[in-house]
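Listed below are the residues making up each chain.
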Amino acid sequence: MKKFIVAILALALFALPLSACKKDDNGLKKIELNEVTHSVFYAPLYVAIEKGYFEEEGLEIELTNGGGADKVMTAVLSNSAQIGLMGPESSLYVYNQGKTDYPIVFGQLTQKDGSFLVSRVDEPNFKWEDLKGKGILAGRPGGVPMMTFEYLVNQHGLYDGTDLTLITDVQFDLMTAAFESGTGDYCTMFEPLASEYEKAGKGYVVASVGEGAGEVPYTSFVAKQSYIDKNTDTVNAFLRALKKAYDFMEAATDEEIAETIVGQFPSTSLESLTTSVKSYKDIDAWTDDLTMSEDSFNRLQDIMQNAGELDTRVPFEKIVNNSYAEAIFG
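Nothing here was measured: the structure is a model prediction, and the numbers come from that model.

So, the pattern of salt bridges
In a structure, side chains of opposite charge can pair up when their charged atoms sit close to one another. Under the counting rule described, the total for this entry stands at 14 salt bridges. When the shortest N-O distance is used, the salt bridge between Glu-57 and Lys-244 registers 3.0 Å. Of this pair, Glu-57 sits in the loop between α3 (53-56) and β2 (59-65) while Lys-244 is found in helix α11 (residues 232-251), placing the two residues 187 residues apart along the sequence. Note that Arg-313 is salt-bridged to Asp-302, the shortest N-O span being 3.0 Å. With a gap of 11 residues between them, Arg-313 in the loop between α14 (294-306) and α15 (316-319) and Asp-302 in helix α14 connect regions that are remote in the sequence. One network of salt bridges, in which partners are shared, links Glu-56, Glu-57, Arg-240 and Lys-244.

So, in structure tokens, the structure goes:
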């Protein structure tokens, strides 16, 4: 993981820095937002985009799928994105490398693992102990998906290399393709991919990783401290738009939410999107107010240390600033 972070920092140093957000001809302030993957898991963000809540706050969001937290972090460090949506573990890695202007968390979006375990065979009575002797595509080393999955199976007495095999040499956004080509017995997938995969008869969703692992600060909005200091009004406007999305989702049905975000998933059926929304509601995937608790932050560090990816623990206040979300959500 140390070599991985050094590579990120090197890429960031050679990337050409972009200026802070500029106003477009329409008078809106443009924000480049790089997300770790594109999933119904991030429905509040897409609701805010599709309902025009960002425009109401004077913002225009240019959304890019980074295809992994390493790429999102590189984008944020190099200023090619002002805001990143990714696991907070990346900020801990960068902080421990001694970088001064590191990205901090100003809003936590999800509080559970958003992946679902897909098997090649139907297993209506699946238990985590059934993974003994199997190979699982669960993410890349050092990423929250892999570390949370490893923590979960460890709680059930299963250990990588002894009881099962965690396949870690496949790029995050290529795992499904690898699974289809015959790699592994199981693969973790986010929604709506998991539901679509099952609907196509390619596999069977047998368990929710988030339900099994419990509360974890899984995905957060991060930005460099220097950007936040110079653009506090923009950060507040960004959070106000998300607050409107939260309010809408609280009153809306699963299908109404799916209908709202269908433009973000043009190749996915409304039925699958509705199922995906329900799946994430059922596991209480989204935070209530975009704040992160210190207890959950410490649990994340427990998970990272369990995976052997964190040498030095980081103080909560160095990585997380809840004051912006607290001011908006009350």
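Read on, since the account is not over.
Some details on helix α6 (residues 144-155)
A rise of 1.5 Å per residue sets the reference length of α6, with its 12 residues, at 16 Å; its end C-alpha atoms lie 16 Å apart and thus fit the reference within 8%. For α6, a buried count of 11 out of 12 residues is recorded, marking the element as mostly surrounded by other parts of the structure. When we look at burial in α6, the residues that qualify are Val-144, Pro-145, Met-146, Met-147, Thr-148, Phe-149, Glu-150, Tyr-151, Leu-152, Val-153 and Asn-154. Gly-157 sits one or two residues past α6 and shows a positive phi near 80 degrees.

Re the nonpolar core
Ranked by size, the top nonpolar core spans 89 residues in total, and within it Phe-54, Phe-106, Phe-221, Phe-238 and Tyr-280 carry the most contacts. Contact partners of Phe-238, with chain neighbours within four places excluded, come to Ile-31, Leu-33, Phe-54, Leu-59, Ile-61, Ile-83, Phe-106 and Phe-221. Judged by nonpolar contacts, the second largest core, of 18 residues, contains Met-146, Leu-166, Ala-207 and Val-209.

Side note on the pairing of strand β8 (residues 186-190)
Across the 5 residues of β8, 5 count as buried, placing the element largely inside the fold. Alternating residues of β8 divide into Tyr-186, Thr-188 and Phe-190 and Cys-187 and Met-189, and every residue in both groups is buried. One ladder, built from 5 bridges, connects strand β5 (residues 115-119) with β8; its direction is antiparallel. Looking at the pairing, Ser-115 lines up with Phe-190 of β8.

Some details on the packing of helix α12 (residues 254-261) against helix α13 (residues 270-282)
Viewed as axis vectors pointing N to C, α12 and α13 meet at an angle of 120 degrees, and their least axial separation amounts to 8 Å. Here α12 is positioned oblique relative to α13, judged by the angle of their axes. Read as a crossing pair, α12 and α13 show a hand that is right-handed. Facing Asp-254, Glu-255, Ile-257, Ala-258 and Glu-259 of α12, the residues of α13 in contact are Leu-270, Leu-273, Thr-274, Val-277, Lys-278 and Lys-281. Taken together, the residues that form the contact of α12 with α13 break down as 5 nonpolar, 1 polar and 5 charged.

Section: a negative patch on the surface
Taken together, the side chains of Glu-215, Glu-250, Asp-284, Asp-288, Glu-294, Asp-295 and Glu-317 present a region of like negative charge at the surface. Looking at where Glu-294 falls in the secondary structure, it is placed in helix α14. Owing to a relative accessible area of 43%, Glu-294 belongs among the partly exposed residues under this scheme.

Observations concerning the sheet that holds strand β10 (residues 219-224)
With mixed pairing, the 5 strands of this open sheet are ordered in space as β2-β1-β3-β10-β4. Looking at which strands have only one partner, the edges of the open sheet turn out to be β2 and β4 (103-110). Ignoring which end each strand starts from, the neighbouring axes of this sheet average 25 degrees apart. Sheet analysis places strand β1 (residues 29-35) next to strand β3 (residues 83-86), joined by 3 bridges and oriented parallel. Among the inter-strand pairings, Asn-34 is bridged to a residue of β3, identified as Gly-84.

Conventions we followed
- Residues numbered from 1 in each chain as written.
- Predicted model: local features only at pLDDT ≥ 70, side-chain atom pairs only at ≥ 80, totals over all residues.
- Heavy atoms only, no water.
- Salt bridge = Lys/Arg side-chain N within 4 Å of Asp/Glu carboxyl O.
- Helix = DSSP H or I, 4+ residues; strand = E, 2+ residues; numbered from the N terminus.
- Expected span 1.5 Å × (residues − 1).
- Buried < 20%, exposed > 50% of the residue type's maximum accessible area, 1.4 Å probe, protein only.
- Core = buried A, V, L, I, M, F, W, Y, C linked by side-chain atoms within 4.5 Å.
- Contact = heavy atoms within 4.5 Å.
- Pairing = 2+ DSSP bridges.
- Axes fitted to C-alpha atoms, helices over the stretch in contact; angles between N-to-C directions.
- Parallel < 35°, antiparallel > 145°, perpendicular 65-115°, else oblique.
- Left-handed = near helix turned anticlockwise from the far one by under 90°.
- Nonpolar A, V, L, I, M, F, W, Y, C, P; charged D, E, K, R; others polar.
- Patch = residues over 30% accessible without salt bridge, like charges linked within 9 Å, V, L, I, M, F, W, Y side chains within 5 Å.
- Areas by Shrake-Rupley, 256 points an atom, 1.4 Å probe, with all protein chains shown as cover.
- Lys, Arg positive; Asp, Glu negative; His and termini not counted.
- Charge placed at Lys NZ, Arg CZ, Asp CG, Glu CD.

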